[in-house]
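Descriptive analysis of the structure
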Amino acid sequence: MGSTNAKKVIWLKRKRRIRKKIISTAERPRLTVFRSAKHIYGQIVDDITGSTIVAACSNEKAVKEQPSFESKVAKAVFTGKLLAQRAMDKGVKKVVFDRNGFLYHGRIKAFSDGAREAGLDF
């Protein structure tokens, strides 16, 4: 078992532990975020029906059309704002934040701050 596999096992344990405590409803769907080495992905999920309401990621056309970002953190803020705008268009104003096992700092925090700036409440 390599160190990468051990890190993934630890991440999955942390993800499950966090996910047990998060309760989403139809009025407050779950905003889940995933961070890879290059990109950040966010989606608002209705756990009752098991469907994704809106999604945004840093490698889609709307983000790539913007002038270049100075850092991945700035790109995460913009992606969070984009997700929040799409959620507002669908009528979602309140969400439960699921950091998906990642520490709440850096790009994860920037993503949530961008979503809050655009009007999402969590």
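Our subject is the structure that appears above.
Counting from 1, residues in each chain are numbered in the order their sequence is written. The predicted origin of the model limits local features to residues at a pLDDT of at least 70 and limits the giving and counting of side-chain atom pairs to 80 or more, whereas totals for whole chains, interfaces and linings rest on all residues. Only hydrogens and water are removed before side-chain values are computed, so all heavy atoms of the structure are retained for them.

1. A word on the pairing of strand β1 (residues 30–35)
Keep this limit in mind: By this definition, two strands are paired if DSSP reports at least two bridges between them. Note on conventions: DSSP H or I runs of at least 4 residues are helices, E runs of at least 2 residues are strands, and numbering of each starts at the N terminus.
Alignment of β1 against strand β2 (residues 40–46), held across six bridges, turns out to be antiparallel. Counted as the bridge partner of L31 is I44 from β2. Counted between consecutive antiparallel strands, the loop separating β1 from β2 contains four residues. In terms of strand pairing, β1 meets strand β4 (residues 96–98) through three bridges, oriented parallel. Residue pairing for β4: R30 is matched across the bridge by V96.

2. A short note on the layout of surface pockets
The condition that has to hold: The definitions used throughout rest on a 1 Å grid laid over the protein atoms alone, on which a cavity is an enclosed set of points accommodating a 1.4 Å probe that cannot get out and a pocket is an open set flanked by protein within 12 Å on both sides along at least five of seven lines; lining residues are those having an atom within 4 Å of a point. Grid points are joined across faces, edges and corners, and a volume is the space filled by probe spheres set on the points. In the scheme used here, Gly and all other residues not listed as nonpolar or charged are polar, with Ala, Val, Leu, Ile, Met, Phe, Trp, Tyr, Cys and Pro taken as nonpolar and Asp, Glu, Lys and Arg as charged.
By volume, the largest pocket is sized at about 260 Å³. Taken together, 13 residues line the largest pocket, and the ones lying closest to its centre are K7, K8, W11, R35 and F102. Residue assignment for the lining of the largest pocket shows that the elements contributing at least two residues are α1 (3–21) and β1. The biggest single contributor to the lining of the largest pocket is α1, with five residues. Considering only residue class, the lining of the largest pocket consists of five nonpolar, three polar and five charged.

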